[in-house]
Each structure stands twice: as C-alpha cells, then as structure tokens.
Amino acid sequence: MNLLASIRQRFLPALKDLVEDPAPLLDLVRPAQDARFGDFQANFAMPLAKQLGRNPRELAQQIVDSVDLGDFCEPLEVAGPGFINVRISTSHLETLLQQVAGDDRLGVVPVSSPRHFVVDFSSPNVAKPMHVGHLRSTVIGDALCRTLRFAGHKVTSDNHIGDWGTQFGMIIYGFRHFRDETSWQEEPVTELARLYRLVNQLSEYHATRSSLPELTRSLDAARTELEAATAEAEVADDADRKKLKKRVSAANKEVASGEAALHSAEAAIAAVENSAALSRQAADHPQIARLAREETARLHAGDEENLRFWNEFLPCCLEALQRVYDRLDVQFDLTLGESFYNPRLADVVDSLAEQGMAVLSDGAMCVFSPESNAPFIVRKSDGAFTYATTDLATVQYRRDELRADEVLYVVDKRQSGHFQQLFETSVRWGIGDLQFRHVSFGTVMGSNGRPYKTRSGDTVGLESLLDEAVSRARRIVDENDDRRETASLTDEQRARVAEIVGLGGIKYADLHHNRDSDYIFDWDKMLATTGDTATYMQYAYARVCGIFRKLELDRSDIDFSRIPVLLRTDEERRLGLQLLSFGYALDGVLAEYRPHLLTSWLFSTAETFSQFFDKCSVQKAESEELQKSRLVLCDLMARAIRTGLSLLGIDVTETM
RNA sequence: GCGCCCGUAGCUCAGCUGGAUAGAGCAACGGACUUCUAAUCCGUAGGUCGGAGGUUCGAAUCCUCCCGGGCGUGCCA
C-alpha cells in the first residue's frame with residue numbers, strides 16, 4: 001500500500017463515526033502543496049464542519065486527537081481554518097525506502113481487479129503517408145497502453161486503420177491512369193502517395209473551379225451585409241447599438257473567411273493551371289472525382305480487378321506504416337481496419353432498422369437521437385456505409401469477440417460530436433456494460449497559431465519529422481560533447497544518443513501538455529537543453545549512471561534491499577519522499593487518462609535528484625553507511641526515471 | 001441558429017471533486033565548475049487568473065451575464 005493510501009486508511013475510523021460515506025472526504029487527503037505544511041495535508045475538516053454545522057478547527061482537532069498515526073508521523077497539526085498537516089517521520093520514510101529498494105515498480109502494486117481495455121489509437125489512412133496529425137494519437141495512445149498494462153490491466157491496442165475508404169478509389173483511379181511504372185516498381189509507397197495527391201489535387205481543382213462563382217457571390221453578399229450593418233450601426237441608438245455591433249463583427253468575420261476561401265481557391269486553381277502537365281491532366285479528366293468514387297464503390301461491390309489492386313497496394317502501405325511504428329517503438333496487438341468490418345455493416349444497419357432506431361430520411365438510413373437533431377447516418381443515400389456504421393460494428397466486435405470491459409478512443413477532440421452519437425447509439429442499441437471513453441486531444445499548431453503545416457502549406461510527413469528531430473538532436477549532442485575537455489562519446493554513441501534524445505523530445509513535448517489543449521509545435525522548445533524536456537530526465541539518468549561508473553559499481557550486483565537508508569539532509573529526504581509518490585502519479589494519469597501528470601512527476605523527480613546531486617556527493621560521502629544509503633537512493637532514482645519514461649514510450653541512455 | 005471548448009507572468013503551459021501567500025519551464029538579470037556529466041544548481045524580477053455580478057468561512061476553480069477566440073454541426077473520415 002502506498003504512503004498516501006495508508007494515511008487515508010488511518011483517518012478512516014474517525015470519519016466513519018461522523019459520516020456515512022467517508023470516501024470523498026478521504027480524497028481530500030493529498031500531498032502537501034507546500035513543504036511548510038508538511039508532507040501531506042488533510043482538507044476535509046472544513047467541508048465536513050459545514051455539513052455537521054460545527055466549528056472546523058475544533059472538528060479538526062477532535063479528529064487529530066482520535067487518529068492513530070503516531071507510529072509513522074510527527075504529531076499532527078491543525079492549521080489555518082482547519083487544515084490538518086501531516087509530516088511523515090523520517091525514520092518511517094527510511095523504512096519504506098528500504099522496502100522498495102531495488103524494485104522497478106517502486107512499490108506500486110498491480111490493481112486488484114484488472115479490467116480489459118481496448119485502446120483505439122493512431123488509426124491513419126493507409127493510402128496516405130502518416131503526418132504530424134497522427135503523432136498525438138499515436139504517442140498518447142501508446143503511453144496509455146503502457147501505463148494501463150503497468151497498473152495491471154489487460155490491454156489490447158488496436159490500430160483501426162482506414163484501409164477501405166474513398167482514398168482507395170482515388171489511388172485505384174490514379175493507378176489506372178497516371179501510374180509511372182518505373183517508380184511503382186522501385187518505390188511503390190512513394191508512387192501510391194504521389195497518385196493519391198495527384199488525383200486529390202485534380203478533383204479539388206474541378207470542385208474548386210465550379211465553386212468559384214458561389215464563393216465570389218457569398219463574399220459579395222458578406223461585403224454588402226458588412227456595409228449595411230456598419231451604416232446602420234452609425235445611426236443606431238444605444239438600445240440597438242449592441243446588437244448591431246455584433247452584426248458588424250460577424251459580418252467582418254464572414255468577409256475575412258470569404259476572402260481567405262477565395263484566395264486559397266484561386267491558389268489551388270493557379271497551382272494546376274500554371275503547370276502544363278497538370279492542366280492537360282485536368283482537362284483530360286473532368287469527371288475524376290466521380291470516377292474515383294465509382295472505383296471505391298466497385299471495390300466495395302467486390303469487383304475482381306479493384307480487389308486485386310487493393311490486395312497489391314495494402315501490403316506496401318502497411319509496411320510503410322510499420323517503419324514509422326518500429327522507429328517510434330509502438331506496438332499494436334491488433335490492426336483491424338475498416339475493411340475487416342465490411343462484411344458486418346449490412347447486419348448493423350438491419351439490426352438498427354429492426355429495432356426501429358434507424359429510419360429512412362432523404363434516402364439515407366439515419367439514427368435520430370431524442371436529444372439532438374443531428375442524424376447519425378449509417379447508410380448514405382447512394383447505399384454506401386459510413387464510418388458511423390463501421391464504428392458501430394467495431395463496438396459490437398470489441399464487446400462480443402474481444403470481451404472488452406472498456407474502450408478508449410484516442411482521437412482528435414474535433415470528433416467529439418461523432419463519439420457522443422456513437423456512444424449514445426451503442427447504448428440504445430443494447431451494448432450492455434461496455435464502457436466508452438473518448439480520450440480527446442487538441443490540434444498540433446505551428447508557431448502562427450494555425451494547424452502545423454510546411455511553408456508551402458502541405459501537411460508535414462511524420463517520417464521527415466522524426467528524421468529532423470534526430471538530426472537536430474545530433475547537432476546538440478555534438479555541441480555538448482565537443483564542449484567538454486575530453487569528448488566522451490564515440491561517433492556511434494552520439495548517433496544512438498541523438499536517436500533517443502530526438503524521439504524522446506518529440507514524444508515528451510506532446511505528452512507534457514494537457515491533452516485537451518492545442519499545442520504549438522516548436523523544435524527549439526522540445527529539444528531545448530534546458531528546462532522541462534525529455535532531455536532533462538535523460539540527462540539526470542545519465543548522471544546517476546555516471547555515479548555508479550565512477551565508483552566502478554554494477555547496479556545489478558548490489559542487493560539494495562539489504563542496505564539501510566539514511567535521510568540526513570533535506571535533499572535526501574525530499575528525494576526519498578518524491579520517489580515514494582510514483583504510485584499516486586500513476587493513479588492520476590489513469591483517473592482521466594492524462595499522461596501529463598506523469599511527465600510532471602518525472603520532472604519533479606529529476607529536479608529533486610539534481611538538487612540532491614548538487615548537495616550530496618556519493619563519492620565523497622562522510623561515511624560508508626551514508627554512501628551506501630545514497631547509492632540506494634540513486635538506484636531508485638534511476639529506476640524511477642527509466643520506468644516512468646518507459647511508460648511514455650521514451651528511452652534512456654547511460655551516457656550522453 | 002444550435003452544440004462543445006478555450007481566455008492564468010513577455011512567450012509556452014500546469015493548477016485535481018472550491019482550500020493556506022496563484023505555480024512551472026523559457027526568455028531577462030545576478031551568482032556557483034581544481035569536486036560523482038554545468039545538457040546542472042542557487043537567487044532576483046515578472047500576474048486585477050478576459051470583464052462584471054452572484055453562491056460562502058474561502059472562488060482561477062461553481063452559477064449568471066458580457067467581451068474576445070477556436071471547433072463541430074444531414075450523406076468525408
């Protein structure tokens with residue numbers, strides 16, 4: 001049992017006498033927010049006093065008098081309006097540290113009732129190269145899988161790839177008409193990506209051209225409205241002014257977005273028309289969008305040739321994805337894409353129709369929710385199924401075949417509406433006890449506050465992103481090592497460190513934000529040699545390894561559990577206390593699936609260690625006992641960082 | 001129109017079901033390397049928590065309104 005849990009346990013009897021359900025009150029026992037308040041603080045006396053109509057300080061004192069914590073705490077103190085401050089006795093901390101010494105789990109015990117989680121993450125469209133947008137889902141999803149497993153749950157990671165959608169029709173169309181045979185033989189994935197982009201560009205070109213008049217018209221309308229609203233606002237009296245001000249600002253926005261839309265449309269058209277080759281292709285394929293959709297439809301209908309193409313394309317696409325996952329060290333237990341569920345979709349719609357949940361509306365089969373008026377479309381008017389249908393089939397499969405208790409969807413927060421409909425429909429459909437959770441996250445932004453793009457406006461490919469992270473890290477590794485009196489790393493070691501630091505930096509930058517917020521992608525920040533970055537933890541790890549190297553000790557040869565721990569200085573005590581809090585950092589992560597609580601624990605741990613490193617020499621410890629004790633702390637610290645980072649999918653290195 | 005989200009230090013962000021004097025990192029300024037890796041540590045400075053009300057012993061946190069921004073919203077996924 002961890003320290004916090006045992007303190008709560010001791011408060012339980014006193015609270016039980018006062019209220020029926022002491023659990024919410026016990027949650028108010030927390031690590032102290034300030035060292036002056038001790039190590040832990042109990043905040044329950046105030047709300048409880050209100051509930052009982054009593055004086056909070058007196059109540060706190062009464063509880064303090066009846067609680068038995070003497071064997072491991074200093075005397076409890078009542079402070080302020082009724083806070084109870086708890087300071088663990090140093091000798092108890094020493095005992096606890098000795099108990100967890102040498103333990104990779106730092107005393108964290110697996111959950112008593114494991115659940116089976118299916119974690120749905122990454123989920124790229126296989127026909128397109130992965131881009132920066134897939135990074136968050138992949139990194140957060142992987143971190144959650146690792147953390148859930150560590151906690152003792154059963155986890156099935158599932159990559160729900162898009163391998164059956166519209167984009168395959170586009171590739172098939174491109175393959176038929178625009179294939180470059182040499183490049184297809186030599187670089188199939190690159191060629192498929194090129195075909196996808198080409199067909200997409202030509203389709204967009206035609207669509208944009210035909211939408212141009214409408215864009216111009218609505219921009220004109222917006223400008224007219226802006227003029228009208230502005231004119232009216234000038235002569236309005238106070239009562240109307242506010243309303244009109246709103247109208248003006250809305251009209252302003254409308255004009256701005258109209259102008260932006262027009263400009264980007266013109267740019268898209270120019271991009272094609274400025275190229276002789278593209279213009280010719282566009283002219284030769286005026287119906288390209290429709291024809292590409294028909295290729296998709298033929299594929300779904302079982303057309304032999306299209307299926308053959310699909311079977312030919314898919315392995316190369318998957319191979320390309322696998323390269324990225326291998327490099328990121330992300331593993332999936334299952335990769336069940338849309339195509340896997342295809343045979344089940346018709347039954348899903350039938351079942352919904354039988355239950356009277358799905359009805360025909362404007363030719364489409366829709367599930368209407370009693371609460372919202374937005375339909376959940378499970379079959380389009382052209383007969384094709386949608387991702388709503390696939391997701392419902394997936395829910396059914398995960399319950400019936402995988403026997404999941406809970407499904408986590410690590411998906412962009414912009415899809416929250418879809419998931420709300422999915423979960424609600426599933427419940428009404430009769431999915432039973434299966435729990436759902438949309439683990440949503442914000443958009444990756446560029447420094448301009450817009451979604452992260454290359455200078456030319458393309459999405460950024462994930463592989464080139466990883467390459468850049470590593471090459472930037474390499475420059476930093478070189479600089480640091482060259483600055484030393486004698487460089488300590490070989491060329492090979494530098495390359496390895498750069499890989500670990502570069503990929504760690506990119507992952508950590510993502511994970512250390514609260515996942516809900518959008519975050520600004522910034523190379524300099526994520527690879528900074530100072531501050532709250534993966535590098536800081538990795539460096540702390542390398543330094544602790546350096547201590548053992550210096551003393552010519554092999555950590556694996558030492559039985560740390562037999563060495564008495566002595567916490568003589570503030571730095572040692574703080575480090576010890578910090579190391580004992582790993583468990584509640586993990587509880588925090590899993591309470592709402594927020595990995596940033598683990599990054600912040602790791603940062604505190606590394607920081608506390610750095611202070612210890614600064615003040616408490618191991619090599620020059622005052623006595624042999626003290627040196628051994630410090631080695632225990634060092635070993636625990638190394639395990640803490642290595643284990644904690646590993647739960648985030650981040651590696652460490654012994655030298656850097 | 002309807003729905004969801006956001007606004008905290010110059011910048012990037014934490015702040016858990018309301019708790020003590022609102023915290024980090026970066027940037028700025030000043031210190032610390034004959035000493036286990038200075039990719040470090042110590043210190044200083046920096047805030048009307050978008051605004052106004054309300055709920056109460058106590059509000060960045062809960063409620064209402066206002067201002068500003070984002071996203072989603074019937075046949076893309």
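Above this text is the structure in question.
The rules behind each value
- Residues numbered from 1 in each chain as written.
- Chains lettered and ligands numbered in written order.
- Predicted model: local features only at pLDDT ≥ 70, side-chain atom pairs only at ≥ 80, totals over all residues.
- Heavy atoms only, no water.
- Helix = DSSP H or I, 4+ residues; strand = E, 2+ residues; numbered from the N terminus.
- Buried < 20%, exposed > 50% of the residue type's maximum accessible area, 1.4 Å probe, protein only.
- Areas by Shrake-Rupley, 256 points an atom, 1.4 Å probe, with all protein chains shown as cover.
- Lys, Arg positive; Asp, Glu negative; His and termini not counted.
- Charge placed at Lys NZ, Arg CZ, Asp CG, Glu CD.
- Near = heavy atom within 4 Å.
- Polar contact = N/O pair within 3.5 Å; in protein donor to acceptor, adjacent residues only side chain to side chain.
- Nonpolar A, V, L, I, M, F, W, Y, C, P; charged D, E, K, R; others polar.
- Pairing = 2+ DSSP bridges.
- Axes fitted to C-alpha atoms, helices over the stretch in contact; angles between N-to-C directions.
- Contact = heavy atoms within 4.5 Å.
- Phe/Tyr/Trp six-rings, centres within 6.5 Å; stacked < 30°, edge-to-face > 60°.
- Lys NZ or Arg CZ within 6 Å of the ring centre and 35° of its normal.

Enquirer: How would you summarise the overall build of chain A if you had to cite specific residues and measurements?
Expert: Looking only at helices and strands, one finds 25 helices and 13 strands in chain A. In terms of principal-axis extent, the alpha carbons of chain A reach across some 85 × 70 × 60 Å. In chain A, which comprises 656 residues, the share counted as buried stands at 48%. Accessible area for chain A stands at about 31,900 Å²; split by element, carbon and sulfur atoms hold 48% of it. Charged side chains in chain A number 75 positive and 99 negative. The centres of these two groups are separated by 2 Å.

Enquirer: Can you explain the protein's contact with RNA strand B? Please cite residues and give values.
Expert: By nearness alone, 71 residues border RNA strand B, and R30, Q33, F83, K380 and Y536 come closest of all. Atoms of RNA strand B within 4 Å of the protein belong to the sugar or the phosphate in 56% of instances, the rest to bases. Note that a base oxygen of RNA strand B is positioned 2.3 Å from one of the side-chain N or O atoms of R30. It is helix α21 (residues 534–550) that provides the largest number of residues to the surface near RNA strand B, a total of 9 residues. Split by residue class, the surface near RNA strand B holds 25 nonpolar, 23 polar and 23 charged.

Enquirer: I'd like to hear about the pairing of strand β9 (residues 375–379), residue by residue, with values.
Expert: In this structure, strand β8 (residues 364–368) lies alongside β9, joined through 4 bridges in antiparallel fashion. The residue of β9 that forms the bridge with V367 is F376. From the end of β8 to the start of β9, which pair antiparallel, there are 6 residues.

Enquirer: Report on the sheet that holds strand β1 (residues 29–31), specifying residues and quantitative values.
Expert: Ordered in space as β1-β2-β4-β3, the 4 strands form an open sheet in which the pairing is antiparallel. Looking along the sheet, the strands with just one partner apiece sit at the ends: β1 and β3 (77–79). Each strand axis lies, on average, 30 degrees off the axis of its neighbour in the sheet, ignoring direction. Alignment of strand β2 (residues 40–42) against strand β4 (residues 83–86), held across 3 bridges, turns out to be antiparallel. Bridged to Q41 within β4 is N85. Packing against the sheet, helix α1 (residues 3–16) makes contact with β1, β2 and β4, and its axis sits at approximately 155 degrees to β1.

Enquirer: Outline the packing of aromatic side chains, listing residues and values.
Expert: Within the structure shown, the criterion is met by 28 aromatic pairs. Here the aromatic rings of F117 and Y593 are separated by 6.4 Å at their centres, their planes lie at 75 degrees, and the arrangement is edge-to-face. Note that F117 is positioned in strand β5 (residues 116–120) and Y593 in the loop between α23 (582–592) and α24 (596–615), a separation of 476 residues in sequence. The two residues F117 and Y593 agree in class, both being buried. Taking the centre distance of 4.7 Å and the plane angle of 35 degrees together, the rings of F121 and F332 count as tilted. With F121 in the loop between β5 and α6 (133–151) and F332 in the loop between α13 (304–328) and α14 (338–341), this pair connects stretches of sequence that are 211 residues apart. Taking the relative accessible area as the measure of exposure, F121 reaches 0% and is therefore buried. What links up through ring pairs into an aromatic cluster is the set F175, W184, F309 and F313. Positioned above the aromatic ring of F117, the side-chain terminus of R115 is 5.9 Å from the ring centre. Note that R543 overlies the ring of F613, its terminal NZ or CZ placed 4.0 Å from the centroid.

Everything listed here is a matter of coordinates, which is why it stays silent on function.
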